[in-house]
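Read off the chains here:
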Amino acid sequence: MNKRIVLKKIFSVYGVAYLLLLVYVLALQMIYPKLELHLMLNGYHNSFLDTFFTYYTQLAEWPLYVLALLPLCWKKIRFTGFFALCELTAGALLQILKHTIDMERPVSAFENCKDMVLPLVDGINMHHSNSFPSGHASTFFVFCTCCALLMAYRFTLREQSGKRWLLYGASMLGLLLLATLGAYSRVYLSQHFLSDICMGSVIGFTTPILMSYYIGHKIIKPKQQEEQPTK
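The notes below deal with the structure included here. (Residues numbered from 1 in each chain as written. Predicted model: local features only at pLDDT ≥ 70, side-chain atom pairs only at ≥ 80, totals over all residues. Heavy atoms only, no water.)

## Comments concerning a nonpolar patch on the surface
Reasoning step 1: Taken together, the side chains of M30, I31, Y32 and M40 present a nonpolar region at the surface, about 460 Å² in accessible area.
Reasoning step 2: Its place among the elements puts I31 in helix α1 (residues 3–31). (Patch = residues over 30% accessible without salt bridge, like charges linked within 9 Å, V, L, I, M, F, W, Y side chains within 5 Å. Areas by Shrake-Rupley, 256 points an atom, 1.4 Å probe, with all protein chains shown as cover. Salt bridge = Lys/Arg side-chain N within 4 Å of Asp/Glu carboxyl O. Helix = DSSP H or I, 4+ residues; strand = E, 2+ residues; numbered from the N terminus.)

## A closer look at the side chain of K98
Reasoning step 1: You can see K98 is positioned in helix α5 (residues 77–101).
Reasoning step 2: D196 provides the closest opposite charge to the buried, salt-bridge-free K98, at an N-O distance of 7.4 Å.
Reasoning step 3: Filtering out sequence-adjacent residues up to four positions away, K98 remains in contact with R105, N130, S131, F132, P133, G135 and H192. (Buried < 20%, exposed > 50% of the residue type's maximum accessible area, 1.4 Å probe, protein only. Lys, Arg positive; Asp, Glu negative; His and termini not counted. Contact = heavy atoms within 4.5 Å.)

## A closer look at the nonpolar core
Reasoning step 1: Membership of the largest hydrophobic core comes to 40 residues, with the highest contact counts inside it found for Y14, F141 and M172.
Reasoning step 2: Of all the secondary-structure elements, those providing two or more residues to this core are α1, α4 (63–68), α5, α7 (135–155), α8 (162–188) and α9 (194–219).
Reasoning step 3: It is α7 that provides the largest number of residues to this core, a total of 11 residues.
Reasoning step 4: Setting aside residues up to four positions removed in sequence, Y14 forms contacts with F141, C144, T145, A148, M172, L175, L176 and F205. (Core = buried A, V, L, I, M, F, W, Y, C linked by side-chain atoms within 4.5 Å.)

## Re the packing of aromatic side chains
Reasoning step 1: What the rule picks out here adds up to 13 aromatic pairs.
Reasoning step 2: Where F52 meets F53, the ring centres are 5.0 Å apart and the plane angle is 75°; that geometry is what we call edge-to-face.
Reasoning step 3: Here the aromatic rings of Y213 and Y214 are separated by 5.1 Å at their centres, their planes lie at 85°, and the arrangement is edge-to-face.
Reasoning step 4: Among the aromatic residues, ring-to-ring pairing joins F48, F52, F53, Y56, F140, Y184 and Y188 into one connected group. (Phe/Tyr/Trp six-rings, centres within 6.5 Å; stacked < 30°, edge-to-face > 60°.)

## Description of the side chain of R186
Reasoning step 1: Structurally, the position occupied by R186 is in helix α8.
Reasoning step 2: This buried residue, R186, is left without a salt bridge; E61 holds the nearest opposite charge, at 5.0 Å.
Reasoning step 3: Filtering out sequence-adjacent residues up to four positions away, R186 remains in contact with T57, R105, S134, H136, Q191, H192 and I197.

## Some words on α5
Reasoning step 1: End to end, α5 covers 36 Å across 25 residues, agreeing with the expected 36 Å (1.5 Å per residue, within 8%).
Reasoning step 2: Buried residues of α5: F79, T80, F82, F83, C86, E87, A90, L94 and K98, and no others.
Reasoning step 3: Positive phi shows up at D102, right after α5, with a value of about 50°. (Expected span 1.5 Å × (residues − 1).)

## A short note on the environment of G123
Reasoning step 1: Along the chain, G123 falls in the loop between α6 (106–109) and α7.
Reasoning step 2: Considering only alpha carbons, one finds G123 and T54, 69 residues apart in sequence, at a separation of 8.9 Å.

## Quick look at unusual backbone geometry
Reasoning step 1: Backbone torsion omega between F132 and P133 reads -5°, so that peptide bond is classified as cis.
Reasoning step 2: If you check the backbone angles, N130 has positive phi at about 55° while not being a glycine.
Reasoning step 3: Residue placement: N130 occurs in the loop between α6 and α7.
Reasoning step 4: The exposure class of N130 is buried, given its relative accessible area of 19%.

## Thoughts on helix α2 (residues 34–41)
Helical periodicity: at 3.6 residues per turn, an α-helix aligns residues three or four positions apart in one direction.
Reasoning step 1: Buried residues of α2: L35, L37 and H38, and no others. The buried residues of α2 all sit within an arc of 160° when viewed along its axis, so they share a single face. (Arc of directions from axis to C-beta.)

Take it as geometry only, folks, not as evidence of what the structure does.
Dropping the structure here:
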């Protein structure tokens, strides 16, 4: 298996789209003040979005871990192991940054701003510290990037038809959308600033990529090798 080919296929859709999104997000942070930008991003609330993001953000707390266990049903322990290794590595880095930098959360930052009203969603337990980076954003991107890598390994090593590539590209963009919505949910719920989810996404995106490049061949074997009978 040529890991450069696989990573090239990833970056051709998922990676390029993510990098474009990252550049846009970084540009927003350079143009607008932090608090003003936060209000711009979550200034519109309604009952549907409140309910949707309240539950959607919880996917990163345990449902994604359950989904990562599904490959075990088909005896694909390496797939689950790959996700676990990526999540543990990203989580360790994230916790080090959280407790080293220890930035305040939006609810604390807005306490001294009398001219700015922070929109809050009823029933959400607000946090006040360790804002940077976002753990939920990292988990969403670790999961979706792992899925993108596994799709590349399993389905795109051979040349495919135009329709197959169209479906592949749409699936990659769909995974990025799921991860982006998960990260944005933290801003909508005012648990994090845009800079927090931005860094969380970078950790969640780069960790599986690096893991795949350096040790992916030891965890994920080519289909031809899997089908060979053991001697």
